[in-house]
Amino acid sequence: MNEFGRARPSSTARGLVAVVAVTLLAGCGTRSAGTAALPSAAGSTGPCGVVSASPTAGAPGGVRITAVGPACAEYEVTNGASETSDITVVFGRSGASGGLLDNLAQTTEGIAPGASAQGRVDLDGTGTGVKVLTVRSVPSAEASRPDGPCPASGVRVSTDAGDAAMGLRVVGLHLRNCGTAAVTVNGYPELQLLDLEHRPVDGVQLLRGGAGIASGTGADDPPRAVALKPGEGARASLVWRNTTGAGDPVNAPYVRVRAMPGAAPVMVVPELDLGTTGRLGVGAWVREEGEPPPATRRPGPLPTAPVPPGGTGGPGASGGPSAPGR
């Protein structure tokens, strides 16, 4: 099967914003398709209040709030893609001033093309509103599921929540041998950057290591063979700046990752906001002690604003363009 030839999701998978007057958002987690049924008739009363006859105008990103009550809010998510997908919705909780207090990612797995699934958000009455911040859709066959069954490849790949400061971003790719035999990774992960529609993002230089972006990122260890026994893991870093200058900023929410040549692809969502720098530093795989960080799906965009050219956090020393080793 050629994953690069798959049909891509429609624009309904775009992350848009919708405000719904509800109470505090407090629940979280991953849900499978169809696990939380909604009341069927508009105007009827369910555990989360009265079912709306015209829920959430516009259904941003295929997500609509269908019922709100003091204890919870119910929502429906529709898969507008042409393939079975895992869809993650990031909700933002707002306070009395209208500002966002925190956010929460909820994932519904295995939604068939054109199908809808329902979910529930628990509320505790101390907030004033909920926003749908972003909607991200990943083909279920390529989804990163760190807590799910071990893939046929024998390895799991995930990302952490990353660090951001003064326009510099560092996100870790984590690989875990979940199989029964030893696995060896050597060199750099193979990456394909993708836009909101899962189309390839061209024109971005993939640099070996992080030194071409900034020093001290931890992404400059030389490539070497890393033999992983069952249960052991490795880490590789993605390093970039979101400095902006002339031209259009480049955003690549999705990255298709192959841990080693011939490995099955895994699509992760590091939310690469590359500004106008046109460069991404990629570290080699290094051994990782202990378990990877638990935040494998970032609950919303990175908080730092783009850095203007010439400001603190501008691009580091230049590095020649090179694709990660294969």
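Placed above this text is the structure.
In this convention, every chain numbers its residues from 1, walking through the sequence in written order. Residues qualify for local features only when their pLDDT is at least 70, as the model is predicted, and side-chain atom pairs are given and counted only at 80 or more; totals for whole chains, interfaces and linings, by contrast, use all residues. Neither water nor hydrogens contribute to the side-chain values; these are computed over all heavy atoms in the structure.

1. Digging into the sheet that holds strand S15 (residues 190-194)
In step 1: A pair of strands is treated as paired once DSSP finds two or more bridges between them. Elements are defined by DSSP. Helices are runs of H or I of four residues or more, strands are runs of E of two residues or more, and each kind is numbered from the N terminus. Here three strands make up an open sheet; going across it, the order is S15-S20-S21 and the pairing antiparallel. Among the strands making up the open sheet, the edge pair consists of S15 and strand S21 (266-268). When strand polarity is set aside, the average angle formed by the axes of neighbouring strands in this sheet is 25°.
In step 2: As defined by bridge partners, S15 adjoins strand S20 (residues 254-258) across five bridges and the pair is classed as antiparallel. Counted as the bridge partner of Leu193 is Val255 from S20. Fitted lines through C-alpha atoms give the axes, limited to the stretch in contact for helices. The angle between two N-to-C directions lies from 0 to 180 degrees.

2. Digging into the state of the cysteines
In step 1: Disulfides are defined in this document as cysteine sulfur pairs within 2.5 Å. Going through the model one piece at a time under the given rule, you end up with one disulfide.
In step 2: Between the sulfur atoms of Cys150 and its disulfide partner Cys178 the distance amounts to 2.0 Å. Of note, the bridge from Cys150 to Cys178 carries an S-S torsion of about 75° and is right-handed in sense. Within this pair, whereas Cys150 is found in the loop between strand S10 (129-139) and strand S11 (155-159), its partner Cys178 is found in the loop between strand S13 (168-177) and strand S14 (183-186), the two being separated by 28 residues in sequence.

3. Some details on the pairing of strand S7 (residues 85-94)
In step 1: Burial analysis of S7 places ten of its ten residues in the buried class, which makes it a mostly covered element.
In step 2: Residue alternation in S7 divides its side chains into two sets, Ser85, Ile87, Val89, Phe91 and Arg93 and Asp86, Thr88, Val90, Gly92 and Ser94, and both sets are buried.
In step 3: Sheet topology places S7 next to strand S8 (residues 100-111); nine bridges connect them, and they run antiparallel. Bridge pairing in S8 places Val89 opposite Gln106. Only protein chains enter the calculation, and the probe is 1.4 Å; a residue is then buried if its accessible area is under 20% of its type maximum, exposed if over 50%, and partly exposed in between.

4. Considering the environment of Ala161
In step 1: The residue Ala161 is located in the loop between S11 and strand S12 (163-165) in this model.
In step 2: Taking C-alpha positions, Ala161 is 9.9 Å from Val269, a pair spaced 108 residues apart along the chain.

5. What about the pattern of salt bridges?
In step 1: Whenever a carboxyl oxygen of Asp or Glu lies within 4 Å of a side-chain nitrogen of Lys or Arg, that contact is scored as a salt bridge. If you walk through the whole model with that rule in mind, you get eleven salt bridges.
In step 2: With a closest N to O distance of 3.8 Å, Arg176 and Glu288 form a salt bridge. Residue Arg176 is located in strand S13, and its partner Glu288 is located in strand S24 (residues 286-288); the two are separated by 112 residues in the primary sequence. Like Glu288, Arg176 is buried.
In step 3: Here Arg287 and Glu232 are joined by a salt bridge, their closest N and O atoms 3.2 Å apart. Here the residue Arg287 occupies a position in strand S24, and Glu232 occupies one in the loop between strand S17 (225-228) and strand S18 (233-241), the gap between them amounting to 55 residues.
In step 4: Taking the relative accessible area as the measure of exposure, Arg287 reaches 40% and is therefore partly exposed.
In step 5: Here the residues in one salt-bridge network are Asp86, Glu109 and Arg145, joined through shared partners.

6. Looking at the nonpolar core
In step 1: Within the largest apolar cluster, 29 residues are counted, with the highest numbers of intra-cluster contacts made by Leu173, Leu175, Leu191, Leu193, Leu272, Leu280 and Trp285.
In step 2: Of the residues forming this core, the biggest block, four residues, is contributed by S18.
In step 3: Residue contacts are defined here by distance: any two heavy atoms, one from each residue, within 4.5 Å place the two residues in contact. Non-local contacts of Leu191, meaning those with residues more than four positions away in its chain, are made with Leu173, Leu206, Leu238, Val255, Arg256, Val257, Leu280 and Val282.
In step 4: Membership of the second largest hydrophobic core comes to 13 residues, among which are Val63, Ile111, Ala117 and Val130. By nonpolar core we mean a set of buried residues, namely Ala, Val, Leu, Ile, Met, Phe, Trp, Tyr and Cys, connected to one another through side-chain atoms within 4.5 Å.

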